[in-house]
Amino acid sequence: MKVALVVDIIRQEEKLIVKTLNEKQINYDIINVAQEPLPFNRALGRYDVAIIRAISMYRSLYASAVFESVGVHTINSMEVISTAGDKILTYSKLYKAGIPIPDSIISMSPDATLKAYEQIGYPLIDKPPIGSWGRMVSLVRDLFEGKTIIEHREMLGNSALKVHIVQEYIKDKNRDIRCIVMGKELLGCYARNIPANEWRANVALGGNPSSLVVDDKLKEIALKAASVINGEFISIDVLEHSSKGYVINELNDTPEFKGFMLATGINVPEKLVNYIISNFS
Ligand SMILES: Nc1ncnc2c1ncn2[C@@H]1O[C@H](COP(=O)(O)OP(=O)(O)OP(=O)(O)O)[C@@H](O)[C@H]1O
Ligand SMILES: [Mg+2]
Ligand SMILES: [Mg+2]
């Protein structure tokens with residue numbers, strides 16, 4: 001079996017995957033798409049599996065497209081990356097499947113966004129459909145703040161960033177929940193506690209990981225959300241709503257798992273490599 005590890009920037013996660021591939025004596029190449037071009041060429045089909053780990057969503061998406069064209073199994077697939085990489089496309093599939101999401105309105109102009117703010121009511125969350133690490137996820141407390149967000153977004157070059165997901169602010173617990181699914185298995189979940197001077201729980205913003213008892217409802221909603229988008233190795237952000245219970249905030253196709261490993265003690269790269277060995281060798 002031969003594995004391609006597709007990266008752009010090597011984080012601690014990718015270092016751990018490499019370490020595990022070495023320990024398990026798997027034949028692999030690291031392909032840095034920030035440096036190497038990817039040809040549509042049958043020779044690329046020498047790999048059985050490509051683990052797609054680029055930080056940039058478009059690099060991941062296009063790399064999986066090229067690998068899939070020559071029959072390589074990609075984790076995740078281009079279908080999964082294109083859905084999970086865009087929060088509106090994700091919500092579309094979740095909502096259709098009856099999975100609870102935050103009450104959300106999509107608006108595609110400044111005027112439509114002002115109407116969406118009025119309909120949701122303040123305080124509210126406004127975030128673009130693409131992005132990670134909490135960037136541009138905004139807490140809008142009143143009309144003046146909203147107008148500022150709208151103006152700033154209009155100045156950005158990328159059309160997707162001018163689209164707004166306006167949603168209810170779910171703040172009943174001072175935390176959110178992050179779960180990881182691999183194949184059909186829920187690896188686990190942990191809580192990310194919101195640090196002082198923040199309202200977001202991302203580990204990248206100082207969110208503090210702690211362990212969590214996973215009840216049946218959480219397990220069910222996480223597995224269902226992953227399966228609705230056919231996710232093979234994905235992370236799931238869950239918010240706790242006072243009346244609706246668990247609500248899916250988003251899915252991520254290139255899970256970061258430093259915080260998860262710290263809180264759960266579960267060795268994610270080992271699970272990943274074992275999963276690949278048992279399914280693809
Ligand atoms: N509707 C909401 N209500 C309350 N908090 C929210 C809401 N949406 C986002 N947040 C907070 O902001 C954080 C970042 O938002 P979100 O997960 O949507 O963005 P992201 O940039 O894709 O994050 P990630 O780094 O997990 O990919 C969430 O983890 C949560 O703490
Ligand atoms: Mg995300
Ligand atoms: Mg998130």
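Residues numbered from 1 in each chain as written. Chains lettered and ligands numbered in written order. Predicted model: local features only at pLDDT ≥ 70, side-chain atom pairs only at ≥ 80, totals over all residues. Heavy atoms only, no water.

Per an unreviewed UniProt entry, the protein carries the name Glutamate--LysW ligase ArgX and comes from Acidianus manzaensis. Quoted verbatim from the Sequence similarities (unreviewed entry) field of the UniProt record, the comment on the protein reads "Belongs to the RimK family. LysX subfamily." Taken from UniProt, the Subunit (unreviewed entry) comment for the protein reads in full: "Homotetramer. Interacts with LysW." (UniProt positions renumbered as here; feature names shortened; annotations may be inferred.)

Engineer: What is the right way to read the overall build of the protein from this model?
Structural biologist: Broken down by element type, the protein carries nine helices and 13 strands. Dimensions along the principal axes, computed over C-alpha positions, put the protein at roughly 55 × 40 × 35 Å. By the burial criterion, 49% of the 281 residues in the protein qualify as buried. The contacts of the protein with a sequence gap of at least 6 include a subset with a gap of at least 24, amounting to 67%. Carbon and sulfur atoms form 51% of the exposed surface of the protein, whose accessible area is close to 13300 Å². (Helix = DSSP H or I, 4+ residues; strand = E, 2+ residues; numbered from the N terminus. Buried < 20%, exposed > 50% of the residue type's maximum accessible area, 1.4 Å probe, protein only. Contact = heavy atoms within 4.5 Å. Areas by Shrake-Rupley, 256 points an atom, 1.4 Å probe, with all protein chains shown as cover.)

Engineer: For this particular structure, what's the right way to read the coordination of the magnesium ion (ligand 2)?
Structural biologist: Reference geometry at the metal: tetrahedral coordination by four donors gives ideal angles of 109.5 degrees; octahedral coordination by six donors gives 90 or 180 degrees. Bound to the magnesium ion (ligand 2) on the protein side are Glu250 (OE), Glu250 (OE) and Asn252 (OD1), at distances that span 2.1 to 2.4 Å. The two metals, the magnesium ion (ligand 2) and the magnesium ion (ligand 3), are separated by 3.8 Å and share glutamate 250 as a common coordinating residue. Owing to a relative accessible area of 10%, glutamate 250 belongs among the buried residues under this scheme. (Donors = N, O, S within 2.8 Å, 3.2 Å for Na, K, Ca; no water.)

Engineer: Would you explain the coordination of the magnesium ion (ligand 3) in this entry?
Structural biologist: Looking at the magnesium ion (ligand 3), one finds its protein donor set to be Asp237 (OD) and Glu250 (OE), positioned 1.9 Å from the metal centre. Judged by relative accessible area, which is 3%, aspartate 237 ranks as buried.

Engineer: Is there a simple way to think about the sheet that holds strand 9 (residues 175-182) in this case?
Structural biologist: The pairing of strands in a sheet comes from backbone hydrogen bonds and takes either a parallel or an antiparallel form. Across the sheet, which stays open at both edges, the five strands sit in the order 11-10-9-12-13 with antiparallel pairing between neighbours. Here the strands that pair on one side only, and so sit at the sheet edges, are strand 11 (208-210) and strand 13 (245-252). Neighbour to neighbour, the strand axes of the sheet diverge by 30° on average, direction disregarded. (Pairing = 2+ DSSP bridges. Axes fitted to C-alpha atoms, helices over the stretch in contact; angles between N-to-C directions.)

Engineer: Please clarify how the packing of aromatic side chains should be interpreted in this entry.
Structural biologist: In this description, an aromatic ring pair is defined by two values, namely the gap between the centres and the angle between the planes. Tallied over the entire structure, the rule returns seven aromatic pairs. Ring geometry for tyrosine 47 versus phenylalanine 67: centroids 6.2 Å apart, planes at 65°, classification edge-to-face. Taken as a pair, tyrosine 47 in the loop between strand 2 (27-32) and strand 3 (49-52) and phenylalanine 67 in helix 2 (residues 57-69) lie far apart in primary sequence, 20 residues in all. As far as burial versus exposure is concerned, tyrosine 47 and phenylalanine 67 are alike and both buried. (Phe/Tyr/Trp six-rings, centres within 6.5 Å; stacked < 30°, edge-to-face > 60°.)

Engineer: Can you walk me through the site of ligand 1 in this structure?
Structural biologist: Taken together, the neighbourhood of ligand 1 is formed by 24 residues, with Lys87, Trp133, Gly134, Asp176 and Arg178 sitting nearest. The backbone of isoleucine 170 places a nitrogen or oxygen atom 2.9 Å from a nitrogen atom of ligand 1. Computed on the free molecule, ligand 1 has an accessible area of 610 Å², of which 96% lies beneath the protein chains in the complex. Going through the elements one at a time, strand 6 (124-127), strand 8 (164-168), strand 9, strand 12 (233-241) and strand 13 are the ones with two or more residues in the shell around ligand 1. Sorting elements by how many residues they give to the shell around ligand 1 places strand 13 first, with three residues. A class-by-class count of the residues in the shell around ligand 1 yields seven nonpolar, seven polar and 10 charged. Lining the shell around ligand 1 are residues from two domains, each supplying at least three of them: domain 2 (84-100 + 171-266) and domain 3 (104-168). (Near = heavy atom within 4 Å. Polar contact = N/O pair within 3.5 Å; in protein donor to acceptor, adjacent residues only side chain to side chain. Nonpolar A, V, L, I, M, F, W, Y, C, P; charged D, E, K, R; others polar. Domains from an automatic or database assignment.)

Engineer: What should I look at first to understand the sheet that holds strand 4 (residues 73-75) in this one?
Structural biologist: Strands sit in the order 2-1-3-4 across an open sheet of four strands; the sheet is parallel. One side of each edge strand has no neighbouring strand; the edge strands of this open sheet are strand 2 and strand 4. The mean angle between the axes of side-by-side strands here comes to 20°, regardless of whether they run parallel or antiparallel. With four bridges connecting them, strand 1 (residues 2-7) and strand 3 associate as parallel partners.

Engineer: Looking at this structure, I do not really get the UniProt feature "domain: ATP-grasp" (unreviewed entry) in the protein. What am I missing?
Structural biologist: Mapped onto this structure's residue numbering, the UniProt feature "domain: ATP-grasp" (unreviewed entry) falls at residues 91-277. Annotated as residues 91-277, this span is 32% helix and 28% strand, and its ends, taken at the C-alpha atoms, are 32 Å apart.

Engineer: Could you clarify how one ought to interpret the layout of surface pockets in this entry?
Structural biologist: Rolling a probe over the atoms, with the probe sized like a water molecule, indicates the empty space that remains. Computed from the structure, the second largest pocket encloses a volume of approximately 160 Å³. If you go around the second largest pocket, the residues you meet are Gly98, Ile99, Pro100, Lys217, Glu220, Ile221, Lys224, Lys244, Gly245 and Tyr246. Of all the elements in the fold, those that place two or more residues in the lining of the second largest pocket are helix 7 (216-228) and strand 13. Looking at which element gives the most residues to the lining of the second largest pocket, the answer is helix 7, with four residues. A per-class count over the lining of the second largest pocket returns four nonpolar, two polar and four charged. (1 Å grid on protein atoms, 1.4 Å probe; cavity = no way out; pocket = protein on both sides within 12 Å on 5 of 7 lines; lining within 4 Å. Points joined across faces, edges and corners; volume = space filled by probe spheres on them.)

Engineer: In this structure, what is going on with the nonpolar core? I would like to understand it.
Structural biologist: General note: in soluble globular proteins, nonpolar side chains tend to be found buried as a group. Ranked by internal contacts, the top residues of the largest apolar core, which has 26 residues, are Cys179, Leu218, Ile236, Ile248 and Leu251. Contributions of two or more residues to this core are made by helix 3 (78-84), helix 4 (87-96), strand 9, strand 10 (185-193), helix 7, strand 12 and strand 13. For this core, the leading source of residues is helix 7, giving five residues. Sequence-distant contacts of cysteine 179, defined by excluding residues within four places in its chain, comprise Leu186, Gly188, Cys189, Leu218, Ala222, Ile234, Ser235, Ile236 and Val238. With 24 residues, the next largest nonpolar core counts Val18, Ala263, Val268 and Leu272 among its residues. (Core = buried A, V, L, I, M, F, W, Y, C linked by side-chain atoms within 4.5 Å.)

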